[in-house]
2 protein chains.
Amino acid sequence: MASSTTVKGCMQKIADGSVHTPAGFKAAGLHAKVKRKRKDLGVIVSDVPASAAAVYTLNQIQAAPLDVTRESIAAGDTLRAVVANSGQANACMGKVGVADAYDMRDQTAQALNLDPLDVAVASTGTIGERLQMENILPGIAQLQPETNRAAANAFAESILTTDTCTKETCYATEIDGKTVHIGGVAKGSGMIHPNMATMLSFVTTDANIAPDYLQQALSEITDRTYNRITIDGDTSTNDMVLTLANGQAGHEPLHPGHPDWTHFMQTLECVCIEQSKQIARDGEGATKLVEVNVQGAPTDEDAGKIAKQIVGSDLLKTAVFGTDGNWGRVICAIGYSGVTIDPETIDIAIGPYMTLSQSEPVDFSEEAVTAHLQQDEVFIDVNLHLGDGTGKAWGCDLTYDYVRINAGYRT
Amino acid sequence: MASSTTVKGCMQKIADGSVHTPAGFKAAGLHAKVKRKRKDLGVIVSDVPASAAAVYTLNQIQAAPLDVTRESIAAGDTLRAVVANSGQANACMGKVGVADAYDMRDQTAQALNLDPLDVAVASTGTIGERLQMENILPGIAQLQPETNRAAANAFAESILTTDTCTKETCYATEIDGKTVHIGGVAKGSGMIHPNMATMLSFVTTDANIAPDYLQQALSEITDRTYNRITIDGDTSTNDMVLTLANGQAGHEPLHPGHPDWTHFMQTLECVCIEQSKQIARDGEGATKLVEVNVQGAPTDEDAGKIAKQIVGSDLLKTAVFGTDGNWGRVICAIGYSGVTIDPETIDIAIGPYMTLSQSEPVDFSEEAVTAHLQQDEVFIDVNLHLGDGTGKAWGCDLTYDYVRINAGYRT
């Protein structure tokens, strides 16, 4: 019952692809000395104005950079660049935080010879600490955007916080017979809970698509990708998915009636799923990626809600860490998910092993289930036998290291 | 800004009081060999039929004993006894689980010479394992209920699972000039999240009160006591609060218009708050009790919702464990609580130390805040400056031991 990302039709994964792979994009990242050692400042630039679409955290406490980015996009629905820093989140800093976010935007526009309204701003890190502008502003002046893997990787590094690895991906498809690339870079490890967006993700594409259609595509796909990951149930104040489409692939404009619209949607979804799984797998302290697949729910939305509730249960997450096939914790989470279920018709499988059938316990091999739980990808499948709704969610195990990392993150 | 349970008017705490303290109640507990060493089976008995009221978990997956208890109460709104076991939860066992719960009830009725419909049943422990009836049924026959502290304590021990200590309390008040006692025994350490009930609690009283008024009182008070604790966000399948009032104090029947109704309500609330705090303090792996106090919310319900969200945040809980005065995690939880707030008017204090005022960071002594967080009771106070709503919630820190306990609970 395990599943994987199916690559359909003409879509293909680009090895070593990233945000620089779509035509007409550059990136850069460097160490501006906000953090002790690691890179902490980066930029992505499009050679020409790119259609822009974004989804933001639903947390009512939103960091200053989000408001500045909203303003830039609202000014014309296009962007040329996004600047990002890690280390401090520039959240809950009052008026000084808003001024700092504007200063980051202005300095980036000046360095790249752009209008400030062509620039988006993102920050990630500790809430309630002021940005080290004395390091960030000179750092922006030193950014040298380039079109190569090293430059994209430097950007990917520059947005990391407690992440242990960079998160990059790229897929290609065909539209009007032309090759179109969609590349993504993301960060996210803690304070991750699927309520849009709960991490940073930047997606670039050389597709030709108007901002409205891009926004429609991003919002729809976000609901079943980034919004389906959870690390710790905490919805961040800062985070967003920003997509830039600069049209450099040279095909006719995309719209839902275009014959290759599905190619675009499938490819964008693939990028978003892969980024989501990379974030879940690198959850703070995580040793395993957990994928929960719910079928037979009344609706797809219900299935997604239950899948998220299961993958977010601290008890299930510790059981996965302890390789304990404790299906009782799965059914418990189903019961409090808020979706109306029939308590008598539930199937639960851990990996390929059925543990509960029509709500009656099944004899299963504890050893086989434990062996599955020892792998670094764990699958839990649920069938409610109520309808046709299906949905997935992704998370990770809860380990000693999650506690260690978060008991000492700020200090 | 720290707070404590205020003992008002004629109410007083009874040292060493428990469920045996109200007149006409007996208890017993023993080791029936369901668990390896610790007591695992117990009973509380009233000398005369007692008005019964109960609140149950809202999890849609409910264990068989809950249905049996509902049936007993529905048959006449009174009970004479409740039998409880720990070790196995008798949840998700299909038809055999229902039969086992009825057998527990019948055996208890026979042993105590009661009608089966006078007996309630409760189980707590691992989901999905069959009750060891070969040990439980003979155990029931051996229970010898008595009216003394040792017997009540044996019952309190017999319902523990991962708890590290018994949870008992008793308060007295005056009604019509007569002394009335309310005693409570509870268990609960993991799979605790405030959605009624998420643990077991048994409350006995010699007050004279009809079942309907008792249910009204219990439901109202549960909303701001047991429903305001969280250990891990998981709502159990099994749990309930059951209250028995046998009228042996000999006063006129209580009702909301009775001049001493407030005495009764305050005393019952005191018992429920104390039981709730005992459960939160003994959360799996916990080293600290955390009390969150929200003021200035639009309504009391909103305040309670925000308080629960803060105290349930894994990030806040790990920060408390790490004695890190990370108020950013508090405001983050406020922002995703689902209650509409004004992001610009929030005050946050950790212990007596203000860290955020009108949403602007305040200079505070990190050392002083850390010293407060090193105590075994931690207070977080929030003022939203939006209205008159107030509410509290209780929880604990998230520690290495929570992971250790739950990575290995079942096996």
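Residues numbered from 1 in each chain as written. Chains lettered and ligands numbered in written order. Predicted model: local features only at pLDDT ≥ 70, side-chain atom pairs only at ≥ 80, totals over all residues. Heavy atoms only, no water.

Draft legend 1. Quick peek at the overall build of chain A. Counting its regular elements, chain A contains 11 helices and 15 strands. Taking 2.2 N^0.38 as the reference for a compact globule, 411 residues should give roughly 22 Å; the C-alpha atoms of chain A span a radius of gyration of 21 Å, in line with that estimate. Across its three principal axes, chain A shows a C-alpha extent of roughly 70 × 55 × 35 Å. A separation threshold of at least 6 residues defines the contact pool for chain A, and within that pool the share at least 24 residues apart is 80%. Only carbon and sulfur atoms are counted for the fraction: they give 47% of the accessible area of chain A, which is about 13,700 Å². With 30 positive and 51 negative side-chain charges, chain A shows a spacing of 8 Å between the two charge centroids. (Helix = DSSP H or I, 4+ residues; strand = E, 2+ residues; numbered from the N terminus. Rg over C-alpha atoms; globule rule 2.2 N^0.38 Å. Contact = heavy atoms within 4.5 Å. Areas by Shrake-Rupley, 256 points an atom, 1.4 Å probe, with all protein chains shown as cover. Lys, Arg positive; Asp, Glu negative; His and termini not counted. Charge placed at Lys NZ, Arg CZ, Asp CG, Glu CD.)

Draft legend 2. Quick peek at the packing of aromatic side chains. All names here are of chain A. Evaluation of the coordinates by the stated rule reveals 9 aromatic pairs over all chains. Relative to phenylalanine 264, the ring of tryptophan 261 has its centre 6.0 Å away and its plane inclined at 40°; by these criteria the two rings are tilted. Taken together, the residues span about one helical turn, with tryptophan 261 and phenylalanine 264 both in helix α6 (residues 261–281) at a distance of 3 residues. Here the two residues tryptophan 261 and phenylalanine 264 agree in accessibility, since each one is buried. Taking 5.5 Å as the distance between ring centres and 85° as the angle between the ring planes, the aromatic pair formed by phenylalanine 321 and tyrosine 400 counts as edge-to-face. Taken together, the residues span a long stretch of sequence, with phenylalanine 321 in helix α8 (residues 314–321) and tyrosine 400 in helix α11 (residues 400–407) at a distance of 79 residues. (Phe/Tyr/Trp six-rings, centres within 6.5 Å; stacked < 30°, edge-to-face > 60°. Buried < 20%, exposed > 50% of the residue type's maximum accessible area, 1.4 Å probe, protein only.)

Draft legend 3. Main features of the sheet that holds strand β12 (residues 353–357) of chain A. Residue and element names in this part refer to chain A. Pairing in this open sheet of 6 strands is mixed, and the strands run β13-β12-β11-β14-β10-β15 from one edge to the other. Where the open sheet ends on each side, the last strands, each with one partner, are β13 (360–361) and β15 (389–396). Here β12 pairs with β13 via 2 bridges, running antiparallel. Considered in β13, the bridge of serine 357 is made with glutamate 360. Taken strand by strand, α6 contacts β10 (289–297), β14 (377–383) and β15, and its axis lies near 40° from that of β15. (Pairing = 2+ DSSP bridges. Axes fitted to C-alpha atoms, helices over the stretch in contact; angles between N-to-C directions.)

Draft legend 4. Expanded view of the domain arrangement of chain A. All names here are of chain A. Partitioning chain A into domains gives domain 1 (12–281) and domain 2 (289–407). Of note, the centres of domain 1 and domain 2, computed from C-alpha atoms alone, are 31 Å apart. The interface of domain 1 with domain 2 comprises 14 residues on the first partner and 18 residues on the second. Together, Arg228, Thr230 and Arg281 form the three largest contributors to the area buried by domain 1 at its contact with domain 2, with a combined 46%. Viewed at the interface, domain 2 and domain 1 are joined by 2 salt bridges. For lysine 277, the salt bridge identified is with glutamate 291, shortest N-O distance 3.9 Å. Linking domain 1 with domain 2 are 4 residue pairs in polar contact (both at pLDDT 80 or more), by the criterion used here. (Domains from an automatic or database assignment. Buried area = accessible area lost by both parts, 1.4 Å probe. Salt bridge = Lys/Arg side-chain N within 4 Å of Asp/Glu carboxyl O. Polar contact = N/O pair within 3.5 Å; in protein donor to acceptor, adjacent residues only side chain to side chain.)

Draft legend 5. Expanded view of the side chain of B:Asp40. All names here are of chain B. Summarising the element assignment, aspartate 40 is placed in the loop between β2 (25–30) and β3 (41–56). One buried charged side chain, aspartate 40, makes no salt bridge at all; its nearest oppositely charged neighbour is lysine 35, positioned 6.3 Å away. Engagement of the side chain of aspartate 40 in a polar contact is seen with the backbone nitrogen of valine 34, the distance being 2.8 Å. Filtering out sequence-adjacent residues up to four positions away, aspartate 40 remains in contact with Leu30, His31, Ala32, Lys33, Val34, Lys35, Ala84, Asn85, Ser86 and Ser158.

Draft legend 6. Structural context of the packing of α11(A) against helix α11 (residues 400–407) of chain B. Running from N to C, α11(A) and α11(B) cross one another at 170°; their axes reach a closest spacing of 8 Å. Classified by the angle between their axes, α11(A) and α11(B) sit roughly antiparallel to one another. Contacts from A:Tyr400, A:Val403 and A:Arg404 in α11(A) reach B:Tyr400, B:Val403 and B:Arg404 in α11(B). (Parallel < 35°, antiparallel > 145°, perpendicular 65-115°, else oblique.)

Draft legend 7. A look at helix α4 (residues 149–158) of chain B. Residues and elements named next belong to chain B. For α4, the buried fraction is high: 7 of the 10 residues fall into the buried class. For α4, every residue scored as buried is listed here: Ala151, Ala152, Asn153, Ala154, Phe155, Ala156 and Ser158. Where α4 is buried, its residues meet β2, β3, β4 (78–88), β6 (167–175), β7 (178–187) and β8 (200–205). Regarding α4, its N-cap is asparagine 148, as a side-chain oxygen of that residue lies 3.2 Å from the backbone nitrogen of alanine 150 further along.

Draft legend 8. Structural detail: the environment of A:Arg281. Looking at where A:Arg281 falls in the secondary structure, it is placed in helix α6. Spatially, the C-alpha atoms of A:Arg281 and A:Leu242 are 21 Å apart, while their sequence positions differ by 39 residues.

Draft legend 9. Focus on the relation of the copies chain B and chain A. Expressed as a screw operation, the relation of chain B to chain A combines 0.0 Å of axial shift with a rotation of 180°, fitting to an RMSD of 0.0 Å. Within this description, the copies of the chain are treated as partners about a two-fold rotation axis. Using C-alpha coordinates, one finds that chain B approaches the rotation axis most closely at B:Tyr400, a distance of 2.6 Å. Same-surface contact between copies: 100% of interface residues of chain B are shared with the interface of chain A. (Least-squares fit on C-alpha atoms with pLDDT ≥ 70 in both.)

Draft legend 10. Main features of the sheet that holds strand β15 (residues 389–396) of chain B. Residues and elements named next belong to chain B. With mixed pairing, the 6 strands of this open sheet are ordered in space as β13-β12-β11-β14-β10-β15. Each having just a single partner strand, β13 (360–361) and β15 make up the two edges of the open sheet. Pairing geometry for strand β11 (residues 347–350) and strand β14 (residues 377–383), over 4 bridges, is antiparallel. If you follow isoleucine 350 over to β14, its bridge partner there is isoleucine 380.

Draft legend 11. Just the UniProt feature "binding site: substrate" (unreviewed entry) in chain A, in detail. All names here are of chain A. Taken from the UniProt record, the annotation "binding site: substrate" (unreviewed entry) applies to Thr161, Lys187, Thr198, Glu284, Asn406 and Thr411. Of note, lysine 187 is situated in strand β7 (residues 178–187). In this structure lysine 187 touches Thr124, Ile159, Leu160, Thr161, Asp163, Lys167, Met199, Leu200 and Ile279, once residues within four positions along its chain are discounted. A polar atom in the side chain of lysine 187 sits 3.2 Å from the side chain of threonine 161. (UniProt positions renumbered as here; feature names shortened; annotations may be inferred.)

Draft legend 12. Representation of the nonpolar core. By size, the foremost hydrophobic cluster in this structure holds 62 residues, and its most contacted members are A:Phe202 and B:Ile334. Counting residues per element, this core draws most heavily on helix α9 (residues 327–335) of chain B, at 6 residues. (Core = buried A, V, L, I, M, F, W, Y, C linked by side-chain atoms within 4.5 Å.)

Draft legend 13. Local environment of the pattern of salt bridges. Residue and element names in this part refer to chain A. For the coordinates displayed, the defined rule picks out 32 salt bridges over all chains. We note a salt bridge from aspartate 282 to lysine 167, for which the minimum N-O separation is 2.5 Å. Placement of the pair is aspartate 282 in the loop between α6 and β10 and lysine 167 in strand β6 (residues 167–175), with a sequence separation of 115 residues. We note that aspartate 282, like lysine 167, is buried.

Draft legend 14. The arrangement of the packing of α8(A) against α11(B) in detail. It is at 8 Å that the axes of α8(A) and α11(B) come closest, and there the two elements cross at 70°. Considering their axes alone, α8(A) and α11(B) lie roughly perpendicular with respect to each other. The residues of α11(B) that touch α8(A), namely those facing A:Asp314, A:Leu315, A:Thr318, A:Ala319 and A:Phe321, are B:Tyr402, B:Val403, B:Asn406 and B:Ala407. Looking at side-chain class alone, the contact of α8(A) with α11(B) contains 6 nonpolar, 2 polar and 1 charged residues. (Nonpolar A, V, L, I, M, F, W, Y, C, P; charged D, E, K, R; others polar.)

Draft legend 15. Unusual backbone geometry, seen in detail. All names here are of chain A. The phi dihedral of aspartate 176 falls on the positive side, at around 55°, and the residue is not glycine. By the secondary structure assignment, aspartate 176 is in the loop between β6 and β7. Note on aspartate 176: relative accessible area 33%, which makes it partly exposed.

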